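Architecture and fold: a report
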Amino acid sequence: MLDLPLDPEGVKGFMPPEEGMELYRAVELAPPGLPCLEIGSYCGKSTIYLGTACQRSGRVLFAVDHHAGSEEHQPGEGYHDPELATADGQGVDTFGAFRATVKAAGLEDTVVPVVAPSALAARAWATPLGVLFIDGGHSREAAQADYAGWVPKLASGGLLLIHDIFPNPADGGRPPYELWCQAQDSRKFEVLGLFHTLGMLRKR
Ligand code: SAH
Ligand code: MG
């Protein structure tokens, strides 16, 4: 098992330990020195795995999230958590919980929060990335925007990680699976594996 500074299972979120371990491993496989970036941090569960691996290899992790939650996290939706509701009860704010996780895990010297819509941050992004982890909005529009905006920022030899891939439509939504197919069809990637619902590819 991985030795982590904070048990991710005590943090709210959607990253099972088996997949979290693969996030950690992906950072180790990435070209040395380059920063890593995750889209969709929520309360920082995946950030613990990626951030700890980055810290131990002297990298920076950029954690992109507007922290207003995805569609399914909003009040009245299936994955709403009342503890994360805004004071007026109309929305969601995960930034406080995220900051607390980063602090408790001792990752403030490694993780740079980027509190913005991912497409906005992508517009001005110029630094080549060693790892890109896509786990933001799951609508087709959001998933496609993340792919179009961020995949070109991946360095040659860098790792592309896509979460929530369900090859069988009965198991879950299509857009992340469509990105997975798109990456393979582009012939710009070598497939390293599909670990539960986490797809891992390396840019040629
Ligand atoms: N990786 C997290 C889960 C992410 S949930 C974990 O390990 O638990 C998806 C996150 O994506 C939510 O926090 C939501 O606020 C964020 N998100 C959705 N659409 C976004 C967008 N367009 N820009 C930035 N963040 C977005
Ligand atoms: Mg996910």
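Right above here is the structure, for reference.
Residues numbered from 1 in each chain as written. Chains lettered and ligands numbered in written order. Predicted model: local features only at pLDDT ≥ 70, side-chain atom pairs only at ≥ 80, totals over all residues. Heavy atoms only, no water.

Some remarks on the site of ligand 1
In the vicinity of ligand 1 there are 20 residues, among which Phe14, Gly40, Ser46, Asp65 and Asp135 approach most closely. Between ligand 1 and Ser46 there is a distance of 2.8 Å, counted from a nitrogen atom to a side-chain nitrogen or oxygen. Between ligand 1 and the protein, one listed contact pairs a nitrogen atom with a backbone N or O atom of His66 at 3.4 Å. Here the residues of the shell around ligand 1 are counted per class, giving 6 nonpolar, 11 polar and 3 charged. (Near = heavy atom within 4 Å. Polar contact = N/O pair within 3.5 Å; in protein donor to acceptor, adjacent residues only side chain to side chain. Nonpolar A, V, L, I, M, F, W, Y, C, P; charged D, E, K, R; others polar.)

Points about the pattern of salt bridges
Tallying each qualifying case throughout the model produces 5 salt bridges. Here Glu9 makes a salt bridge to Lys45, at a shortest N to O gap of 3.8 Å. Taken as a pair, Glu9 in the segment before helix H1 (17–29) and Lys45 in helix H2 (residues 45–56) lie far apart in primary sequence, 36 residues in all. A residue is classified by how much of its surface remains accessible, and Lys45, at 9% relative accessible area, is buried. The closest approach of N and O atoms between Glu83 and Lys12, which form a salt bridge, is 2.5 Å. With Glu83 in the loop between strand S2 (61–64) and helix H3 (95–104) and Lys12 in the segment before H1, this pair connects stretches of sequence that are 71 residues apart. For Lys12, a relative accessible area of 31% puts it in the partly exposed group. Here the salt bridges do not stand alone but share partners, grouping Lys12, Asp81 and Glu83 into one network. (Salt bridge = Lys/Arg side-chain N within 4 Å of Asp/Glu carboxyl O. Helix = DSSP H or I, 4+ residues; strand = E, 2+ residues; numbered from the N terminus. Buried < 20%, exposed > 50% of the residue type's maximum accessible area, 1.4 Å probe, protein only.)

A look at the sheet that holds S2
The 7 strands are arranged S3-S2-S1-S4-S5-S7-S6 in an open sheet whose pairing can be described as mixed. Sheet topology places strand S3 (111–114) and strand S6 (189–195) at the edges, where each strand pairs with a single neighbour. In this sheet, neighbouring strand axes are inclined to one another by 15° on average, regardless of whether the strands run parallel or antiparallel. Relative to strand S7 (residues 198–203), S6 runs antiparallel, the two being bridged by 6 bridges. Bridged to Glu190 within S7 is Arg202. Taken strand by strand, H1 contacts strand S1 (36–39), strand S4 (129–134), strand S5 (154–162), S6 and S7, and its axis lies near 10° from that of S7. (Pairing = 2+ DSSP bridges. Axes fitted to C-alpha atoms, helices over the stretch in contact; angles between N-to-C directions. Contact = heavy atoms within 4.5 Å.)

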